Amino acid sequence: VCSMSENYIKIESKSSIDNIAPIRICVATFLSSLNIHIDELMDVKTALSEAVTNAVDHAYDEESDSKIIVEAKIRDDEKIIITVKDFGKGIEDIPLAMTPMYTSKPENEHAGMGFTIMESFMDEVIVDSVIKNGTTITLTKDIRKKSTNKV
Ligand code: ADP
Ligand code: MG
């Protein structure tokens, strides 16, 4: 389910691996209506992918009927704000989870670099998580400075 206006998009989706690419394409299409530099669009897509992948990989034990909600909005001051919300198990120790190379699933070839990538490509990464209730990742990026400095 996807609803969109000029400066807001909301996508409700099942937390299936098959939905990661469509979500990324939806948000990228929405953002490309902005005067956003291609490099910044790539940064946002990369960070968004990591957040959505985490919701799919880590939030739920079973895939059945589990939901994720992705919202993106653009504020007047040209800040992009993206939230990725799941209703899964939550993160017990947020600082540990955000530590570079920490993964709770080493056996599944996870690199533990998702949060590190989000932090390096976005201006701010906020993790709100409640055990057994779910996790919301808020990613923000200011596009004003760079888009006026375009070469
Ligand atoms: P990776 O996904 O490779 O394990 P990340 O840096 O992306 O590494 O995430 C680190 C850890 O944080 C994960 O291994 C997992 O334990 C936890 N985590 C991340 N996102 C979620 C989420 N949405 N729900 C529950 N746990 C999560
Ligand atoms: Mg990850």
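What counts as what
- Residues numbered from 1 in each chain as written.
- Chains lettered and ligands numbered in written order.
- Predicted model: local features only at pLDDT ≥ 70, side-chain atom pairs only at ≥ 80, totals over all residues.
- Heavy atoms only, no water.
- Pairing = 2+ DSSP bridges.
- Helix = DSSP H or I, 4+ residues; strand = E, 2+ residues; numbered from the N terminus.
- Axes fitted to C-alpha atoms, helices over the stretch in contact; angles between N-to-C directions.
- Near = heavy atom within 4 Å.
- Polar contact = N/O pair within 3.5 Å; in protein donor to acceptor, adjacent residues only side chain to side chain.
- Areas by Shrake-Rupley, 256 points an atom, 1.4 Å probe, with all protein chains shown as cover.
- Nonpolar A, V, L, I, M, F, W, Y, C, P; charged D, E, K, R; others polar.
- Contact = heavy atoms within 4.5 Å.
- Buried < 20%, exposed > 50% of the residue type's maximum accessible area, 1.4 Å probe, protein only.
- Arc of directions from axis to C-beta.

**Student:** Can you help me understand the sheet that holds strand 4 (residues 79-86) in this one?
**Tutor:** Either a parallel or an antiparallel arrangement is found when strands of a sheet pair, and the pairing is made through backbone hydrogen bonds. Taken together, the 6 strands give an open sheet; going across it, the order is 1-2-3-4-6-5, and neighbouring strands pair in antiparallel fashion. Every interior strand has two partners, whereas the edge strands, strand 1 (2-5) and strand 5 (124-130), have only one. Across the sheet, the axes of successive neighbouring strands diverge by a mean angle of 10 degrees, strand direction being ignored.

**Student:** So what exactly am I meant to see when it comes to the site of ligand 1 here?
**Tutor:** Around ligand 1, 18 residues are found, and the nearest of them are His58, Asp86, Thr103, Ser104 and Gly112. One of the side-chain nitrogen or oxygen atoms of Asn54 is found 2.9 Å away from an oxygen atom of ligand 1. Between ligand 1 and Phe115, the relevant distance is 3.1 Å, taken from an oxygen atom to a main-chain nitrogen or oxygen of the residue. With the chains in place, 93% of the 540 Å² that ligand 1 exposes on its own is no longer accessible. Sort the elements by how many residues they give to the shell around ligand 1 and helix 2 (residues 38-58) lands first, with 3 residues. Of the residues contributing to the shell around ligand 1, the split by class is 8 nonpolar, 9 polar and 1 charged.

**Student:** Quick question: what am I supposed to make of the environment of Lys73 here?
**Tutor:** By the element assignment, Lys73 lies in strand 3 (residues 67-74). The spatial distance from the C-alpha of Lys73 to the C-alpha of Ile25 is 15 Å, given a sequence separation of 48 residues. Dropping the residues within four chain positions of it, Lys73 is found in contact with Asn7, Tyr8, Lys79, Ile80 and Ile81.

**Student:** When you look at helix 4 (residues 114-121) in this model, what are you seeing that I'm missing?
**Tutor:** Since the α-helix turns once every 3.6 residues, residues separated by three or four places project in the same direction. Those residues of helix 4 that fall on the buried side of the exposure criterion are Gly114, Phe115 and Met118. One side of helix 4 holds all its buried residues, which, seen down the axis, span an arc of 95 degrees. Buried positions along helix 4 lie against helix 2, helix 3 (94-98), strand 5 and strand 6 (134-142).

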